[in-house]
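Chain by chain, the residues:
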Amino acid sequence: MNRFFEWIKERNFFSILRKNRGAVQGAATLMTNVHVWNFFKGTIYTGAAKQVCVPGLNCYSCPGATGACPIGSFQAVVGSSKFNFSYYIIGILILFGTLTGRLICGFLCPFGWFQDLLHKIPTKKLSTENLKYLRYLKYVILLVFVWFLGVLIVNKAGGSDPYFCKYICPQGILEGGIPLAIANASIRATLGKLFTWKFIILLSFVVLSIFFYRPFCKWICPLGAFYSLFNKVSFYKYHVDESLCVHCGKCKRTCKMDVDMSSNQSALECIRCGKCVDACPTGAISTSLSGCASCKNKAKNNNQS
Amino acid sequence: MKKGLKKVICIITAMLLLVPLAACGSKEIAANENFPSFKAEDFSGNKYTESVFKENEATVINFWYTGCQSCIEEMSDLEKMSAKLADKNAKLIGICTDAGKEDVDKEIMKILKSSKVTFPNLKIKEGEKMTDLIKSINAFPTTVVVDKSGKIVGDPIVGAINDEGQQKVINERIEEAISRNKKM
């Protein structure tokens with residue numbers, strides 16, 4: 001198995017994927033939303049694959065959705081009168097988190113891609129460095145809106161609404177509410193105050209994403225909050241070769257998630273986008289699937305001698 | 001030759017993309033279509049078929065399922081509506097679309113009890129077209145008004161009937177059903 005990973009590192013396979021992150025994000029968004037015709041039909045896919053969770057934040061009610069949203073699924077289970085927790089869904093999320101940590105945020109989440117694209121719009125960019133306290137909000141949202149409220153605030157039959165999906169998630173409006181309302185007259189007729197509220201949230205994040213980098217991922221996303229807990233223990237990790245690092249601070253300046261890779265390789269906010277790897281002047285930064293510069297040099301020397 | 005072929009492919013693709021646009025919304029629940037025939041049973045053992053439409057000036061059918069919290073939350077409003085409908089000789093009937101298995105039926109009875117529901121709720125036993133209609137519904141609750149002759153009145157109403165706007169729409173449909181009956 002080790003030989004296989006050595007071979008992958010030599011071929012720079014994942015480095016190539018990492019350098020074409022936009023293409024990977026586009027492909028992931030398409031694979032997560034395969035049923036493109038449904039956007040025109042105004043219906044959603046309800047077949048067997050909908051029982052499987054996708055790794056990123058992708059609404060179940062998106063007409064194109066291939067699978068289910070993990071946050072939505074968790075809330076659906078907790079919201080039924082029979083359960084207060086879902087071991088199955090949390091188990092799947094732990095699996096995803098343990099494999100790659102927040103690499104999912106950086107490469108496989110459609111809403112992450114949406115924010116990345118918006119950020120490309122040429123304007124003055126604002127730093128989130130001084131707004132670090134807002135990052136705790138996503139953990140509060142994870143515990144309170146995704147879990148506790150669903151358990152505590154129940155109706156007469158013992159069930160509850162999916163509070164995060166219903167009152168906060170802008171992805172649901174972008175992917176589900178708006179496309180369905182455009183194509184389906186009955187659904188359009190139901191739009192009211194809740195839609196207005198959610199639309200305002202979506203619009204706010206659209207504007208914020210143009211000036212700040214990934215504000216939703218940093219401050220609100222409960223899925224990102226959950227995956228961040230696994231950055232420290234995931235199989236896929238970032239490494240810094242201390243013998244090569246000259247502590248120039250370039251990685252910290254390049255990182256748009258305000259992570260200082262040279263001091264913390266498992267930071268909660270690191271979405272493993274790889275910008276720091278390219279920025280490092282000495283090649284000190286490497287990932288679990290791409291060799292570090294010193295390893296590559298060693299291999300070169302071994303081949304030559 | 002190659003350029004011409006490219007053009008033809010573009011035109012065909014464009015046409016294929018436009019065709020689905022013409023097919024918006026549910027075809028099965030459409031205004032003026034006949035409500036499909038069915039055999040059903042309520043949770044007290046009474047049997048129902050499409051003949052129930054003849055017995056009322058207007059029948060309001062509310063489709064729901066046990067996992068739909070909005071459906072469960074609107075039940076007390078529906079119960080109040082059911083009482084008002086009786087004055088107009090109209091009837092409210094619920095159809096629980098995931099009924100059939102023993103544990104689901106138990107859950108349904110629990111839900112109906114906790115919401116103090118007295119209007120009949122049905123589980124569909126037979127009816128292929130009925131099953132197709134239910135499969136075509138992708139947003140719950142969906143409410144449909146049917147006139148005396150068994151024809152659907154107006155478009156289906158999607159979403160809980162918990163605000164004035166929705167109430168108004170339902171009342172309009174019921175009035176239309178009643179006036180249609182008079183014309184016949």
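Thresholds applied
Going along each chain's sequence as written, the residues are numbered from 1 onward. Whichever chain is written first is A, and whichever ligand is written first is 1; the rest continue in order. It should be noted that, the model being predicted, local features are given only for residues of pLDDT at least 70 and side-chain atom pairs only at 80 or more, the latter also being counted only at that level, while totals for whole chains, interfaces and linings use all residues. Side-chain measures were taken over the full set of non-hydrogen atoms in the model, leaving aside hydrogen atoms and water. Whether two strands pair depends on DSSP finding at least two bridges between them. Think of it this way: any DSSP run of H or I at least four residues long counts as a helix, any run of E at least two long counts as a strand, and we number them from the N terminus. Lines fitted to C-alpha atoms define the axes, with helix axes restricted to the stretch in contact, and inter-axis angles between N-to-C directions lie between 0 and 180 degrees. Domain delimitation in this document rests on an assignment produced automatically or drawn from a domain database. By the convention used here, residues are in contact when the closest approach between their heavy atoms is within 4.5 Å. Joining two parts hides part of their accessible area as seen by a 1.4 Å probe, and the buried area is that hidden amount summed over both. The buried label goes to any residue with under 20% of its type's maximum accessible area, the exposed label to any with over 50%, and the partly exposed label to all in between, with areas taken from a 1.4 Å probe on protein chains only. Throughout, a disulfide means two cysteine sulfur atoms within 2.5 Å of one another.

Quick look at the sheet that holds strand β6 (residues 142-147) of chain B
Residue and element names in this part refer to chain B.
- Strand order in the open sheet formed by seven strands is β2-β1-β5-β4-β3-β6-β7, and the pairing between neighbours is mixed. Edge strands, defined here as strands with exactly one partner in the open sheet, are β2 (47-49) and β7 (152-158). Sheet twist, expressed as the mean angle between neighbouring strand axes with direction ignored, is 30°.
- Of the strand pairs in this sheet, strand β3 (residues 58-64) and β6 are connected by six bridges, and their pairing is antiparallel. The residue of β6 that forms the bridge with Val-60 is Val-145.

With respect to the domain arrangement of chain A
Residues and elements named next belong to chain A.
- Its domain assignment divides chain A into domain 1 (32-228) and domain 2 (238-302).
- One C-alpha centre belongs to domain 1, the other to domain 2, and the line joining them spans 31 Å.
- Taken residue by residue, the interface counts 18 residues in domain 1 and ten residues in domain 2.
- When the two sides are added together, the surface that domain 1 and domain 2 hide from each other amounts to roughly 1200 Å², 50% of it contributed by carbon and sulfur.

Focus on unusual backbone geometry
All names here are of chain B.
- Residue Pro-141 is bonded to the preceding Phe-140 through a cis peptide linkage, with omega at -5°.
- Mapping Pro-141 onto the fold places it in the loop between α5 (128-136) and β6.
- Even without a glycine there, the phi angle at Asn-32 is positive, about 75°.
- Along the chain, the position of Asn-32 falls in the loop between α1 (2-22) and β1 (39-42).
- With relative accessibility at 45%, the residue Asn-32 sits in the partly exposed group.

Quick look at the state of the cysteines
- Considering all chains together, one arrives at one disulfide over all chains under this definition.
- What pairs with B:Cys68 in a disulfide is B:Cys71, and their sulfur atoms sit 2.2 Å apart. Negative torsions about the S-S bond denote left-handed disulfides, and the value of about 80° found for B:Cys68 with B:Cys71 makes this one right-handed. Comparing B:Cys68 with B:Cys71 shows no difference in burial state: the two are buried.
- Free of any disulfide, A:Cys255 has its nearest cysteine sulfur in A:Cys273, 6.3 Å distant.

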